[in-house]
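Spelled out from the first residue to the last, the chains are:
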Amino acid sequence: MRTETKCIEGGYTPKNGESRMIPIIQSTTFKYDTSEDMGKLFDLEASGYFYTRLQNPTNDLVAAKIAALEGGTAAMLTSSGQAANFFSVFNIATCGDHIVSSSAIYGGTFNLFNVTMRKMGIEFTFVSPDCTEEELEAAFQPNTKAVFGETIANPALTVLDIEKFAKAAHAHGVPLIIDNTFPTPVNCRPIEWGADIVTHSTTKYMDGHDAAVGGAIVDSGKFDWMAHADKFPGLTTPDESYHGITYAEKFGLEGAFITKATAQLMRDFGSIQAPMNAFFLNLGLESLAVRMRQHCENAQKAAEYLQKHEKVAWVTYPGLPGDKYYETAKKYMPNGTCGVISFGITGGRAAAEKFMKNLKLAIIATHVADAHTCVLHPANSTHRQLSDEELVAAGVGPDLIRLSVGIEHIDDILADLEQALAAV
Ligand SMILES: *Cc1c(COP(=O)(O)O)cnc(C)c1O
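Computed from a predicted structure; not experimentally measured.

About the criteria used
Residues numbered from 1 in each chain as written. Predicted model: local features only at pLDDT ≥ 70, side-chain atom pairs only at ≥ 80, totals over all residues. Heavy atoms only, no water. Near = heavy atom within 4 Å. Polar contact = N/O pair within 3.5 Å; in protein donor to acceptor, adjacent residues only side chain to side chain. Areas by Shrake-Rupley, 256 points an atom, 1.4 Å probe, with all protein chains shown as cover. Helix = DSSP H or I, 4+ residues; strand = E, 2+ residues; numbered from the N terminus. Nonpolar A, V, L, I, M, F, W, Y, C, P; charged D, E, K, R; others polar. Phe/Tyr/Trp six-rings, centres within 6.5 Å; stacked < 30°, edge-to-face > 60°. Lys NZ or Arg CZ within 6 Å of the ring centre and 35° of its normal. Domains from an automatic or database assignment. Contact = heavy atoms within 4.5 Å. Buried area = accessible area lost by both parts, 1.4 Å probe. Core = buried A, V, L, I, M, F, W, Y, C linked by side-chain atoms within 4.5 Å. Buried < 20%, exposed > 50% of the residue type's maximum accessible area, 1.4 Å probe, protein only.

What follows concerns the site of the ligand. The immediate surroundings of the ligand are formed by 15 residues, with Asn154, Asp179, Ser201, Thr203 and Lys204 found nearest. Residue Gly81 places a main-chain N or O atom 2.9 Å away from an oxygen atom belonging to the ligand. Within the side chain of Lys204, a nitrogen or oxygen atom sits 2.6 Å from an oxygen atom of the ligand. When the ligand is considered free in solution it has 380 Å² of accessible area, and contact with the protein chains removes 92% of it. Sort the elements by how many residues they give to the shell around the ligand and helix α4 (residues 81-90) lands first, with three residues. Grouping the constituent residues of the shell around the ligand by class yields two nonpolar, 10 polar and three charged.

Given below as structure tokens:
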């Protein structure tokens, strides 16, 4: 099946007389005839459901669709993108371990790594996504357990050279984890370029309608944990909390990572997506391919319009010829990147504020990547506490406006930009 078809048909094939839409199993618990039957589930001897803190059938149908879209062997849904990225790292790294991460990542993920996970004893080395192979090499330590990056970084819009990062990770016997939120599997499938684990904030394009916060983790099934057994004892030695099961032996390449994350991390942290949210996510996935095409088409036109406008000082969009990442984007995302653009208006902070105030269609929101066109002026919101000098140092200048181009008619979007720019 092609991507467009998987968006509709992936993950769930109803049998004779069953519902066409995935059923919402809105139940915390599941009934068994004997405690022996249930015991087998607790020992991971049989697969099935017993408590929605760990697993729910609705979620698993939607996760299977996302696994199919990414070309993975197993997947799970989490309550948010933050939970997905936390689980993806914490499933293989613990106190005393080290991770190499691109520095161009979502601010929430940076904080999770740099503050919260450091408190848990996990160290991070951040490297520029544009680093040389030598610089990347120098970031590794004997206790490095994974490499992390974003296909298109939010909000920097840098495009990662996935093959370069995969090569370095594999040379050191560790997996590459890629957050593929912005392009979605419609525009990029990182597993095809060497990524081992793929994560998502499904809150963005996948849901696409501002309806449900969520996350997902997909395993490629390609990373051989047993070949690097000493690095990953959590997967390659018996888990005493599950009667001595060794995940990599019992569930193989294709299932070990997600089974461990479900059995241990979901059990202990309970960051599961509500089945109702998984249902909404599935609705979003059905139109994902069509929406991504329109987001990219609209963003391309908006970026070209802004680039030509006399009041616009600069535009960053990886789909624009001449953009620093244009060539890398063409390689990894030949059919389009995403709908997010950043730009600056001549006149800096004051001009940006005037522009924002005059928008009528585009809403001001801290969100990105959904059907509604929205804008954010970080200097006035998410980065409000920083001085102009600090903003420049953070790569978010006082004039930077992040525009998430929606799927309204492009002429209405351009007319809104036009009249707001005229007011500056
Ligand atoms: C939004 C976002 C996250 C965090 O996801 P939530 O669903 O908000 O928790 C992680 N990574 C990227 C690239 C994002 O854009």
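The next point concerns the packing of aromatic side chains. Scanning the model with the defined rule gives 19 aromatic pairs in all. Ring plane angle 15° and centroid distance 5.1 Å describe the contact between Phe86 and Phe90, whose orientation is recorded as stacked. Separated by four residues within a single helix, Phe86 and Phe90 lie in helix α4, roughly one turn from each other. Taken together, the aromatic side chains of Phe110, Phe113, Phe124, Phe126 and Phe148 make up a single cluster linked through ring pairs. The residue whose ring lies beneath Lys204 is Tyr106, and the NZ or CZ to ring-centre distance is 5.0 Å.

Moving on, we get to the domain arrangement of the protein. Domain boundaries assigned for the protein yield domain 1 (3-283) and domain 2 (289-422). Computed from C-alpha coordinates alone, the two centres of domain 1 and domain 2 are separated by 30 Å. The partner domain 2 presents 30 residues to the 30 residues of domain 1 that form the contact. Taking both sides of the interface into account, the surface hidden between domain 1 and domain 2 amounts to around 2,600 Å²; carbon and sulfur atoms contribute 62%.

Time to look at the nonpolar core. In terms of nonpolar packing, the biggest core is built from 95 residues, with Ile66, Met117, Leu176 and Trp225 touching the most fellow members. Looking at this core, the element that brings in the most residues is helix α11 (residues 252-269), giving seven residues. Counting only domains with at least three residues in this core, you end up with domain 1 (3-283) and domain 2 (289-422). Excluding its chain neighbours within four sequence positions, the residues that come into contact with Ile66 are Leu77, Thr202, Met206, Ala216, Val218, Leu281 and Leu285. Listed in part, the 28 residues of the second largest apolar core include Val312, Met356, Leu417 and Ala420.

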